[in-house]
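Topology and contacts: notes
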Amino acid sequence: VLKTMPPSASLPDQPNLLQMDRLGQLTYFNLRYYRPLVRFESRVPADAVVAVYFQPNTFEYPLFGRYLTRRIISINSFRHGLLPIPPEAEYLLYARGYPCARYDDIGLGADWFLRILDEDNRTCEGE
């Protein structure tokens, strides 16, 4: 770890990488997602099934949780576009640009939103 740490990890005006929590370390190079991830962690149980709609190449590793116990299902397919939310999903996490956003979704910060899924909010309006 010490050999591959970025030089900025030891500068006085930068947070010390070794003293940060897990999410801080994972978001070190893009701190704008630290707060949304903390909010996600506090609202979504560690064993939940989460449908995720992010743009390609979004870093999803932190979503699995501290012990990698969450099941993450991507619904933004490279080949097929937007997929339906699977019936086993309990939550939906998405970034701005998701075509089925609702007014009552929870803003987590940055451009992320969370929806607690039930029978009435699994499909797009007007489908």
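A brief report on the enclosed structure follows. Since this is a predicted model, take the numbers as computed values, not measurements.

**Observations concerning the side chain of Asn76**
Position of Asn76 among the secondary structure elements: in strand E3 (residues 76-77). Within polar-contact distance, the side chain of Asn76 engages the backbone oxygen of Phe54 at 2.8 Å. Non-local contacts of Asn76, meaning those with residues more than four positions away in its chain, are made with Val52, Tyr53, Phe54, Gln55, Pro56 and Gly81.

**Overview of the state of the cysteines**
Disulfides are covalent bonds that link the sulfur atoms of two cysteine residues. Across all of its chains, the model carries one disulfide by this definition. Paired through a disulfide, Cys100 and Cys124 show a sulfur-sulfur distance of 1.4 Å. Here Cys100, found in the loop between strand E5 (91-95) and strand E6 (106-109), pairs with Cys124, found in the segment after strand E7 (112-116); they are 24 residues apart in sequence, far enough to count as distant. On the accessibility criterion, Cys124 (16% relative accessible area) is buried.

**Looking at unusual backbone geometry**
At Asn57, a residue that is not glycine, the phi angle is positive and equals roughly 70°. Residue placement: Asn57 occurs in the loop between strand E1 (49-53) and strand E2 (71-74). With relative accessibility at 79%, the residue Asn57 sits in the exposed group. The phi dihedral of Ala110 is positive, around 50°, even though this residue is not glycine. You can see Ala110 is positioned in the loop between E6 and E7. Among the residues examined, Ala110 registers a relative accessible area of 37% and is labelled partly exposed.

**Observations regarding the pairing of E5**
Among the five residues in E5, five count as buried, and that is most of the element. Side-chain alternation along E5 places Tyr91, Leu93 and Ala95 on one buried face and Leu92 and Tyr94 on a second face that is also buried. Two strands pair when backbone bridges link them, and E1 and E5 are joined in this way by four bridges, in the parallel orientation. When the bridges of E5 are listed, Ala51 appears paired with Leu92. In this structure, E5 lies alongside E7, joined through five bridges in antiparallel fashion. Within E7, the position partnered with Leu92 by the bridge is Arg115.

**Re the sheet that holds E2**
Through backbone hydrogen bonds, the strands of a sheet pair up, either in parallel or in antiparallel fashion. If you trace the five strands from one edge of the open sheet to the other, you get E2-E1-E5-E7-E6, paired in mixed fashion. Of all the strands in the sheet, the pair left with one neighbour each is E2 and E6. Pairs of neighbouring strands in the sheet enclose a mean axial angle of 25°, with direction left out of account. Sheet strands in contact with helix H2 (residues 34-43) are E1, E5, E6 and E7, and its direction is about 135° off that of E6.

**Things to note about the environment of Glu41**
Mapped onto the secondary structure, Glu41 falls in helix H2. Relative accessible area serves as the criterion here: at 24%, Glu41 is assigned to the partly exposed category. When the C-alpha positions of Glu41 and Gly65 are compared, they lie 7.3 Å apart, and in sequence the two are 24 residues distant. The contact partners of Glu41, leaving out residues within four places of it in the chain, are Arg22, Leu23, Pro62, Gly65 and Arg70.

Parameters at a glance
- Residues numbered from 1 in each chain as written.
- Predicted model: local features only at pLDDT ≥ 70, side-chain atom pairs only at ≥ 80, totals over all residues.
- Heavy atoms only, no water.
- Helix = DSSP H or I, 4+ residues; strand = E, 2+ residues; numbered from the N terminus.
- Polar contact = N/O pair within 3.5 Å; in protein donor to acceptor, adjacent residues only side chain to side chain.
- Contact = heavy atoms within 4.5 Å.
- Disulfide = S-S within 2.5 Å.
- Buried < 20%, exposed > 50% of the residue type's maximum accessible area, 1.4 Å probe, protein only.
- Pairing = 2+ DSSP bridges.
- Axes fitted to C-alpha atoms, helices over the stretch in contact; angles between N-to-C directions.

Remember, this is a structural readout, not a statement about activity or role.
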